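Secondary and tertiary structure notes
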Amino acid sequence: MAADDGNDRENEAGELWELISRARVVLWDFDGPVCGLFAGYSSERVAAELVRGLESRGPRGLLTERERESLDPLAVLRAVGRRHPGSDLVAGLEARLTQEEMRAASSARPTPYADALIRAWAARGSRLAVTTNNSPLVVRKYLDSRGLAPCFDPHVYGRTRDLERLKPDPHCLNRALNATGAAPGRALMIGDTPSDHEAARRAGVPFLGYARNARKEKLLREAGATVVVESLEPVLRILSARRQQAE
């Protein structure tokens, strides 16, 4: 078993090298791979406040019991969007979530090695894009605060009011591919959720999973992700090694 585990790790390391080698365009999910958006501003509290606002202003029976207890504000938004697509209620809820995300961006925690990896990929001439279910306004605020906006400009593709286009729909990935002129097979998606993996699969884009804990890794593996890293450090190390070889 130990030998098999060693072979699996060696094979995955080889796959990681190949993913990085082939990528000419790198599509980043935002909350997770780039930063912990709600690291200093509870997403659970945001979800609860959205639910309370709906219950006080919206029609009865808008959410199921499970949806009311959700700890994910995006899950609350999706649920309402499915039942009242294009409504003023959904527009108001999306605007409220954007406000909360903007507040959270001020205390977001950079993912270890993400800043350095983003700069290294950009310096290498790769094109970078953000493909996220968060508001593009929030992404730009955070990137500006870290001095990373020039690495991505103008390629930030986030949530619109057409909630059916949220990942796992590949809409934001396809927008990025079209704008950069990249073939799907020459791109790479870095994400931390099964919906990221599914969106990449639908778009035909190779996928690299980022899992900051065992629970995240289990979910990604069960979704079908074959290459998963618990840190971005090995990705940065491989990119640096390739640059040295090129020199």
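Described in the following lines is the structure provided in the data block. Owing to the predicted nature of the structure, the values given are computational and were not obtained by experimental measurement.

1. Overview of the overall build of the protein chain
Helix and strand counts for the protein chain stand at 12 helices and eight strands. Over its C-alpha atoms the protein chain spans a radius of gyration of 19 Å, differing by no more than 12% from the 18 Å that the globule rule assigns to 247 residues. Projected onto its principal axes, the C-alpha coordinates of the protein chain cover approximately 60 × 45 × 30 Å. Per-residue burial for the protein chain yields a buried fraction of 48% across its 247 residues. Considering only contacts in the protein chain between residues 6 or more positions apart, those separated by 24 or more positions represent 69%. Looking at charge distribution, the protein chain has the averaged site of its 37 positive side-chain charges lying 4 Å from that of its 34 negative ones.

2. Examining the layout of surface pockets
Each pocket or cavity is described by its volume, and for the largest pocket that value is around 1200 Å³. At the level of secondary structure, the elements contributing two or more residues to the lining of the largest pocket comprise β2 (35-36), α2 (43-57), α4 (73-83), β3 (109-110), α10 (194-203) and α11 (214-223). The residue inventory of the lining of the largest pocket, partitioned by class, reads 13 nonpolar, 11 polar and 13 charged. Looking at the second largest pocket, its volume works out to about 290 Å³. As for the second largest pocket, its lining consists of 16 residues, and the residues nearest its centre are E12, R221, V228, V229 and E230. Of all the secondary structure elements, the ones that give two or more residues to the lining of the second largest pocket are α1 (2-22), α11 and β8 (228-229). A total of four residues in the lining of the second largest pocket trace back to one element, the largest contributor, which is α1. Of the residues belonging to the lining of the second largest pocket, the class tally is eight nonpolar, two polar and six charged.

3. Description of unusual backbone geometry
The step from D153 to P154 runs through a cis peptide bond, and the omega angle for that step is 0 degrees. Positionally, P154 belongs in the loop between α8 (149-152) and β5 (156-157). Omega for the bond connecting K167 with P168 falls within 30 degrees of zero, at 25 degrees, which places this linkage in the cis form. Even without being glycine, Y113 reaches a positive phi, approximately 75 degrees. Summarising the element assignment, Y113 is placed in the loop between β3 and α6 (114-123). The class of Y113 is partly exposed, set by a relative accessible area of 42%.

4. Some points on the pairing of strand β4 (residues 127-131)
Of all five residues in β4, four are buried, a share of seventy percent or more. Note that β4 and β5 share two bridges and pair parallel. Looking at β5, one finds that T131 is bridged to Y157.

5. What to know about empty space enclosed by the protein
With the rule as written, the count across this model stands at one cavity of 30 Å³ or more. There is about 60 Å³ of room inside the largest cavity. Looking at the lining of the largest cavity, its residues break down into two nonpolar, five polar and four charged.

Calculation notes
Residues numbered from 1 in each chain as written. Predicted model: local features only at pLDDT ≥ 70, side-chain atom pairs only at ≥ 80, totals over all residues. Heavy atoms only, no water. Helix = DSSP H or I, 4+ residues; strand = E, 2+ residues; numbered from the N terminus. Rg over C-alpha atoms; globule rule 2.2 N^0.38 Å. Buried < 20%, exposed > 50% of the residue type's maximum accessible area, 1.4 Å probe, protein only. Contact = heavy atoms within 4.5 Å. Lys, Arg positive; Asp, Glu negative; His and termini not counted. Charge placed at Lys NZ, Arg CZ, Asp CG, Glu CD. 1 Å grid on protein atoms, 1.4 Å probe; cavity = no way out; pocket = protein on both sides within 12 Å on 5 of 7 lines; lining within 4 Å. Points joined across faces, edges and corners; volume = space filled by probe spheres on them. Nonpolar A, V, L, I, M, F, W, Y, C, P; charged D, E, K, R; others polar. Pairing = 2+ DSSP bridges.

Bear in mind that shape data such as this cannot, by itself, settle questions of function.
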